[in-house]
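# Structural description and commentary
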Amino acid sequence: MTEAAAHLSGNSATDSRSARSFVTSARGDRVFDILITAFAASIPVLLVIIAISIGLAAWPALSRSGLSFLTESTWDVAAGKFGAAPAIYGTVVSSALALIIATPLALGVSIFLSEIAPKWLRQPVGFLVDLLAAIPSVVYGLWGIFVLIPLLRDPVGPFLRDTLKLGATPLFSGPNYGYSMLAAGLILAIMILPFISAVTREVLLAVPQSQRDAALALGATRWEMIRDAVIPYARSGIIGGIILGLGRALGETMAVTMLIGNRPEIASSLFAPGYTMASLIANEFTEATSDAHLSALMAVGAVLFAVTLIVNALARWLVWRVTRGSR
Amino acid sequence: MSRRSRHARSNVMMGMTYIAAIVATLPLLFIIFHLLRQGAAYLRPGFFTDMPNPVGETGGGMANAIVGTLILIGTASLLGLPVGVGAGLYLADKRGSLLATVVRFLSDVLNGLPSIVLGIFAWEFLVRPFGGFSALAGGMALGAMMIPLVTRTTEEMIRLVPVSLREAALALGYTRWRTSVSVVLRTALPGIVTGALLALARIAGETAPLLFTALGNQFWSTSLREPIAALPLQIFTYAISPYESAHALAWAGALVLILIVLIISLVARYATRGRYAGTGD
């Protein structure tokens, strides 16, 4: 700040403006305006170009099979059959699994950090959770292959199946190879946790202190205060954070590709391998030789694009509803 | 419910949040532990200077991938920084205009777009028409990812600049663009640098967009027109290969990648700290 002020006063002393420089400066302003407007406009333009070019590339596949592209469950490259249902199913199930695991954890951490933790603990714990977001997807995948999957094979799988007797339910039946929907869901849960908790923490902090004081003054316990006075106030923002996490989970590629087993089948068991839309594209794109295959992959990309667009727009709107007051 | 049971219940729920906090920090500690244990063993000077050995042989390094990653994020910055800072200037300047509202919203949407979608877009737009995979296409895909990140932090930082400073400059006869560039932007610079570094840290580890653009390269290449190796791509290839020696390299590579990301993030934090400590008043 001081630096800029010095710069200001230093120059103004020597700056004598003639009529001519006044004209060029008006021109300079106009050029500057056009320039920054162009930069700003490039963002919507980029999104439109992305939508159009993926849409065009996907068109042959979409026009050939129409809506049945989404419901057809056979993805057989050799036979030239391309149905996206297994990938859509895998995306939905792995993301749902991730949300089921990550949401209570993220809520717990956020409540801990905004309401309960002693001051000295807030920053380090918050930092550690935030750091999860900085780890690249491919590193999660590596860790998953060599640490998580062996764990799922040995203590976790048999524990779920035999000790908890869940093997009889369709969710945990069949062979347990490790590479599975369960592995993908778990790694996704870890990966989206920091996103949900960051937004949740932000909206919890946006809740006015008077809201808490009023609840406590009425004799509420701390938990009752959080449940009845804080969470309802922040509800739509919390839901926004969860949906934002969902958006991340839907499109997460590398870690899932490395852990889900990449098999285009719909299986009820979480121990079975599967596919997600993102992992399908990542896995087959560079090997796709026929135009039909390529176009089908582009169509999967178009579906992913549309779904994440809607999910993100919804999430932003919900978060904005809560935080607009506090800014 | 009696008073006592209400309090007991409250205490139980409070205890649950403690447990949640512990469980949520465990994965990070585990990941760091395994990275250090598996990666450090292989991290010797040769790792940074040697080329990869033929598949299945032990030894070798990732010199080409490390240089490739640096070239890719450099190229990405050439696209992402000017566009992002320019758009951020616009958003802070024309705060209430319709275009600003639209751009702000769409940059958040772009930020939430899966990186693989940007990857297939870059392939369709930059690889297919020009007849081949290239470092340039990879850099552009990563640069597109940087734009929304840089835009929003630039806007936030410029908004922190006191209006009085801007008014003082205008009152002294500065034109609006000179005011924006040499007073406002300059004041907000440390914050903008921080935002840019965080954006770099984020794209440095991206893999999915590079699969269809930079592709990866077993050999030494620094040309923007050729496929280029990148650290995340190399980690991916080695992690899914069947060879033990490749796994060791993957762990070491992951450790280096994490260190690069961490160092960039720490420098970014340091830059912001300097900003608040340095003004003094």
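Residues numbered from 1 in each chain as written. Chains lettered and ligands numbered in written order. Predicted model: local features only at pLDDT ≥ 70, side-chain atom pairs only at ≥ 80, totals over all residues.

### What about the overall build of chain B?
The helix and strand inventory of chain B stands at 11 helices and zero strands. Walking chain B from its N terminus toward its C terminus, one meets helices and strands in the order α-α-α-α-α-α-α-α-α-α-α. The principal-axis extent of the C-alpha atoms belonging to chain B is close to 70 × 70 × 40 Å. Across the 281 residues that make up chain B, the buried fraction comes to 52%. Partitioning the intrachain contacts of chain B with sequence separation of at least 6 by distance along the chain shows that 74% fall at a separation of at least 24. (Helix = DSSP H or I, 4+ residues; strand = E, 2+ residues; numbered from the N terminus. Buried ≥ 20, exposed ≤ 12 C-beta atoms within 10 Å, placed from the backbone. Contact = placed C-beta atoms within 7 Å.)

### Examining the overall build of chain A
Secondary structure summary: chain A contains 12 helices and two strands in total. Listing every helix and strand of chain A by position from the N terminus yields α-α-α-β-β-α-α-α-α-α-α-α-α-α. Computed over C-alpha atoms, the radius of gyration of chain A comes to 26 Å, more than 25% over the 20 Å expected from 2.2 N^0.38 for 327 residues, which places it beyond the range of a compact globule. (Rg over C-alpha atoms; globule rule 2.2 N^0.38 Å.)

### Re the interface of chain B and chain A
Each partner contributes to the interface: chain B provides 81 residues, whereas chain A provides 74 residues. In terms of residue count, helix α1 (residues 3-40) of chain B provides more of the side of chain B that touches chain A than any other element does, 18 residues in total.

### Topic: helix α10 (residues 231-239) of chain B
Here α10 of chain B lies mainly inside the structure; nine of its nine residues are buried. When α10 of chain B is considered as a whole, its buried residues turn out to be Leu231, Pro232, Leu233, Gln234, Ile235, Phe236, Thr237, Tyr238 and Ala239 of chain B.

### Notes on the nonpolar core
With 201 residues, the main nonpolar core has Ala183, Ile187, Leu193, Leu259 and Val300 of chain A as its most contacted residues. The residues contacting Ile187 of chain A, other than those within four sequence positions of it, are Tyr140, Gly144, Leu148, Ala255 and Leu259 of chain A. (Core = buried A, V, L, I, M, F, W, Y, C linked by C-beta atoms within 7 Å.)

### So, helix α7 (residues 181-206) of chain A
All names here are of chain A. In a regular helix each residue adds 1.5 Å, so 26 residues correspond to 38 Å; α7 covers 36 Å between its end C-alpha atoms and thus fits that length. At Ile192, α7 shows its strongest bend, of approximately 35 degrees, with the proline Pro194 following within four residues. Counting buried positions over the 26 residues of α7 gives 22, a clear majority of the element. (Expected span 1.5 Å × (residues − 1). Bend = angle between axes of the 7 residues up to and from the residue.)

### Quick notes on the confidence of the model for chain A
Residues and elements named next belong to chain A. Looking at chain A, pLDDT values average 88 and 91% of them are 70 or higher. For chain A, helix α1 (residues 2-14) is the element with the lowest average pLDDT, namely 45, and helix α10 (residues 254-259) is the one with the highest, namely 96. With pLDDT under 50 throughout, residues 1-19 is counted as low confidence; its partners more than four residues away or in other chains account for 15 contacts. (pLDDT = per-residue confidence, 0-100.)

### Let's talk about the packing of helix α8 (residues 209-217) of chain A against helix α9 (residues 222-251) of chain A
Residues and elements named next belong to chain A. The N-to-C vectors of α8 and α9 enclose an angle of 150 degrees; their axes lie 9 Å apart at closest approach. Between α8 and α9, the angle is such that the two are roughly antiparallel. Crossing handedness for the pair α8 and α9: right-handed. Residues Gln211, Arg212, Ala214, Ala215 and Leu216 of α8 form the contact with α9, whose participating residues are Glu224, Met225, Asp228, Ala229, Val230 and Tyr233. Residue classes in the contact of α8 with α9 are distributed as seven nonpolar, one polar and three charged. (Axes fitted to C-alpha atoms, helices over the stretch in contact; angles between N-to-C directions. Parallel < 35°, antiparallel > 145°, perpendicular 65-115°, else oblique. Left-handed = near helix turned anticlockwise from the far one by under 90°. Nonpolar A, V, L, I, M, F, W, Y, C, P; charged D, E, K, R; others polar.)

### Here we look at unusual backbone geometry
With a phi angle near 55 degrees, Lys165 of chain A is a residue other than glycine that sits in the positive phi range. For Lys165 of chain A, a count of 10 C-beta atoms within 10 Å corresponds to the exposed category. Not every positive phi belongs to a glycine, and Leu215 of chain B is a case in point at roughly 70 degrees. Considering the arrangement of structural elements, one finds Leu215 of chain B in the loop between α9 (208-211) and α10. Residue classification places Leu215 of chain B among the buried residues on the basis of 22 C-beta atoms within 10 Å.

### Notes on the environment of Gly216 of chain B
All names here are of chain B. With respect to the helices, strands and loops of the structure, Gly216 is situated in the loop between α9 and α10. Spatially, the C-alpha atom of Gly216 lies 9.3 Å from that of Thr237, the residues being 21 residues apart in sequence. Leave out the neighbours within four places in its chain, and Gly216 touches Pro227, Ala229, Ala230, Leu233, Gln234 and Thr237.

### Some words on the packing of helix α7 (residues 163-171) of chain B against helix α8 (residues 176-204) of chain B
All names here are of chain B. At their nearest, the axes of α7 and α8 sit 10 Å apart, and the two run at 155 degrees to each other. In terms of orientation, α7 and α8 fall into the roughly antiparallel class. In terms of crossing hand, the pair formed by α7 and α8 is right-handed. Contacts between α7 and α8 involve Leu165, Arg166, Ala169 and Leu170 from the first element and Thr179, Val183, Val184 and Thr187 from the second.

### Notes on the domain arrangement of chain B
Residues and elements named next belong to chain B. Looking at chain B, the domain boundaries give domain 1 (3-40) and domain 2 (48-279). Each of domain 1 and domain 2 has a C-alpha centre, and the two are 33 Å apart. Taken together, the contact pairs four residues of domain 1 with five residues of domain 2. The residue makeup of the side of domain 1 that touches domain 2, split by class, is two nonpolar, two polar and no charged. (Domains from an automatic or database assignment.)

### A word on the environment of Ala239 of chain B
Looking at the secondary structure, you find Ala239 of chain B in helix α10. Its 24 C-beta neighbours within 10 Å are what place Ala239 of chain B among the buried residues. Distance in space between the C-alpha atoms of Ala239 of chain B and Leu249 of chain B is 8.5 Å, their sequence separation being 10 residues. Setting aside residues up to four positions removed in sequence, Ala239 of chain B forms contacts with Gly141, Leu142, Ile145 and Met258 of chain A together with His247 and Ala250 of chain B.

### A closer look at the environment of Arg128 of chain B
Residue and element names in this part refer to chain B. Topologically, Arg128 is positioned in the loop between α5 (115-127) and α6 (135-159). Here Arg128 falls in the partly exposed class, since 15 other C-beta atoms lie within 10 Å of it. For the pair formed by Arg128 and Thr213, sequence separation is 85 residues and the distance between their alpha carbons is 9.6 Å.

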